[in-house]
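Given next are the chains, with one letter for each unit.
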Amino acid sequence: MHALIVTMLIAASMPVSDRILVERAAQCGVDPYLGAHFLEIEALAGLPPHLRGMTLAKACYESRGNTGAIGDGGKAVGIIQLWPWAEQFIHDRTDPIASVHVFLGRLVTTVKTVHRYCPEVRDRWKLAWIRINRGPYWRRVDRKGEARCSGTSPAGLKVLRRWRRLALRIAKLVDDGV
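The rules behind these values
Residues numbered from 1 in each chain as written. Predicted model: local features only at pLDDT ≥ 70, side-chain atom pairs only at ≥ 80, totals over all residues. Heavy atoms only, no water. Helix = DSSP H or I, 4+ residues; strand = E, 2+ residues; numbered from the N terminus. Polar contact = N/O pair within 3.5 Å; in protein donor to acceptor, adjacent residues only side chain to side chain. Expected span 1.5 Å × (residues − 1). Buried < 20%, exposed > 50% of the residue type's maximum accessible area, 1.4 Å probe, protein only. Salt bridge = Lys/Arg side-chain N within 4 Å of Asp/Glu carboxyl O. Core = buried A, V, L, I, M, F, W, Y, C linked by side-chain atoms within 4.5 Å. Contact = heavy atoms within 4.5 Å. Axes fitted to C-alpha atoms, helices over the stretch in contact; angles between N-to-C directions. Parallel < 35°, antiparallel > 145°, perpendicular 65-115°, else oblique. Left-handed = near helix turned anticlockwise from the far one by under 90°. pLDDT = per-residue confidence, 0-100. Patch = residues over 30% accessible without salt bridge, like charges linked within 9 Å, V, L, I, M, F, W, Y side chains within 5 Å. Areas by Shrake-Rupley, 256 points an atom, 1.4 Å probe, with all protein chains shown as cover. Lys, Arg positive; Asp, Glu negative; His and termini not counted. Charge placed at Lys NZ, Arg CZ, Asp CG, Glu CD. Phe/Tyr/Trp six-rings, centres within 6.5 Å; stacked < 30°, edge-to-face > 60°.

### A short note on the side chain of Ser-63
Phase 1 of the analysis: Inspection of the secondary structure assignment puts Ser-63 in helix H4 (residues 54-63).
Phase 2 of the analysis: One polar contact links the side chain of Ser-63 to the main-chain carbonyl oxygen of Ile-79, over a distance of 2.8 Å.

Dropping the structure here:
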C-alpha cells in the first residue's frame, strides 16, 4: 500500500504511460523511486519507444525488485541480475542505478555492432537484449561458436509488452475522458 501511495506522489509529473509502468513495477516489488530513475536513465540511453520500461520489466522478472538478489548459482547478482562480465565496469552489482547504467550501456554498444554478425536481423534492439542475457555465441553442441542471431524473447520482454498494452488502453481512456 505504501509503495502505491509513493508511486502516486512520484508519478504526478509523469506521462500516463510512464506512471502505469512505474505502478506495475511497484506492484511487482520495484521501489517507485528506482522505477522513475530507471525511466530517466532509459531516456538518456536513447531507447526506442517500444522498449520504454524495459529495465523495470527486467527488474521485475529477474529479481522481483530485490537489489540484493543472487541467482544462476551465484553468478547473477543484483536487481538486473548481471553476470561477472559487468564487474569490468562496476564494482558493486547490487547497486541498482549503476547496474542499469551498465546494462543499458552494453545494450547500446551491442545494438551498434550486432549488424556485423547478423546483417539480416529485423529488430536489433531485441537481438542485443538476447545477446546480453545469453551471450553473443551459441553454447549448444550443434551450434557451438556460431554467432547468436536469433533466440526466444529475452527475460522481461513478455512482461513489458503486457504492461505497454495496459498503458495504451488506460491512456486512451484518459484521453477519451472516461
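### Structural notes on helix H7 (residues 157-176)
Because the α-helix completes a turn every 3.6 residues, residues three or four places apart line up on one side.
Phase 1 of the analysis: Counted at 1.5 Å a residue, the expected span for H7 with its 20 residues is 28 Å, and the 28 Å between its end C-alpha atoms agrees.
Phase 2 of the analysis: The complete set of buried residues in H7 reads Leu-157, Val-159, Leu-160, Trp-163, Leu-166, Ala-167 and Ala-171.

### Details of the pattern of salt bridges
Phase 1 of the analysis: By the definition in use, this model includes 3 salt bridges.
Phase 2 of the analysis: The shortest N-O distance in the salt bridge between Arg-93 and Glu-87 comes to 3.2 Å.

### Section: the nonpolar core
A general trend in soluble globular proteins is that nonpolar side chains are found buried together.
Phase 1 of the analysis: Counting residues in hydrophobic clusters, the biggest one holds 39 residues, and the most contacted among them are Met-54, Leu-56, Phe-103, Leu-104, Leu-107 and Trp-163.
Phase 2 of the analysis: Mapped onto this core, the elements with two or more residues apiece are helix H2 (16-28), helix H3 (32-45), H4, helix H5 (96-117), helix H6 (124-134) and H7.
Phase 3 of the analysis: Look past the residues within four positions of Leu-107 in its chain and what remains in contact with it is Leu-47, Met-54, Trp-125, Ala-128, Trp-129 and Ile-132.

### Here's the deal with unusual backbone geometry
Phase 1 of the analysis: Positive phi values are uncommon outside glycine, yet Arg-64 reaches one of about 55°.
Phase 2 of the analysis: For Arg-64, a relative accessible area of 55% translates into the label exposed.
Phase 3 of the analysis: Positive phi, close to 50°, is recorded for Asp-72, a residue that is not glycine.
Phase 4 of the analysis: Mapped onto the elements, Asp-72 comes out in the loop between strand S1 (70-71) and strand S2 (76-77).

### Structural notes on the packing of H5 against H6
Phase 1 of the analysis: Put simply, H5 and H6 touch, their axes get as near as 8 Å, and they point 110° apart. Classed by the angle they form, the pair H5 and H6 counts as roughly perpendicular. As H5 runs across H6, the sense of the crossing is right-handed. Taking contact as the criterion, the partners of Phe-103, Arg-106, Leu-107, Val-108, Thr-110, Val-111, Val-114, His-115 and Tyr-117 in H5 are, on H6, Arg-124, Trp-125, Leu-127, Ala-128, Trp-129, Arg-131, Ile-132 and Asn-133.

### So, the confidence of the model for the protein
Phase 1 of the analysis: Taken over all residues, the pLDDT of the protein has a mean of 84, while the share at 70 or more is 92%.
Phase 2 of the analysis: No element of the protein has a lower mean pLDDT than helix H1 (residues 2-10), which averages 55, and none a higher one than H3, which averages 93.

### Re a positive patch on the surface
Phase 1 of the analysis: Taken together, Lys-158, Arg-161, Arg-162, Arg-165 and Arg-169 make up a surface patch of like positive charges.
Phase 2 of the analysis: Examined against the element boundaries, Arg-162 turns out to sit in helix H7.
Phase 3 of the analysis: Note on Arg-162: relative accessible area 44%, which makes it partly exposed.

### Quick look at the packing of aromatic side chains
Phase 1 of the analysis: Tallying each qualifying case throughout the model produces 1 aromatic pair.
Phase 2 of the analysis: Taking 6.4 Å as the distance between ring centres and 75° as the angle between the ring planes, the aromatic pair formed by Trp-85 and Phe-89 counts as edge-to-face.
Phase 3 of the analysis: Exposure remark for Phe-89: the relative accessible area of 47% places this residue in the partly exposed category.

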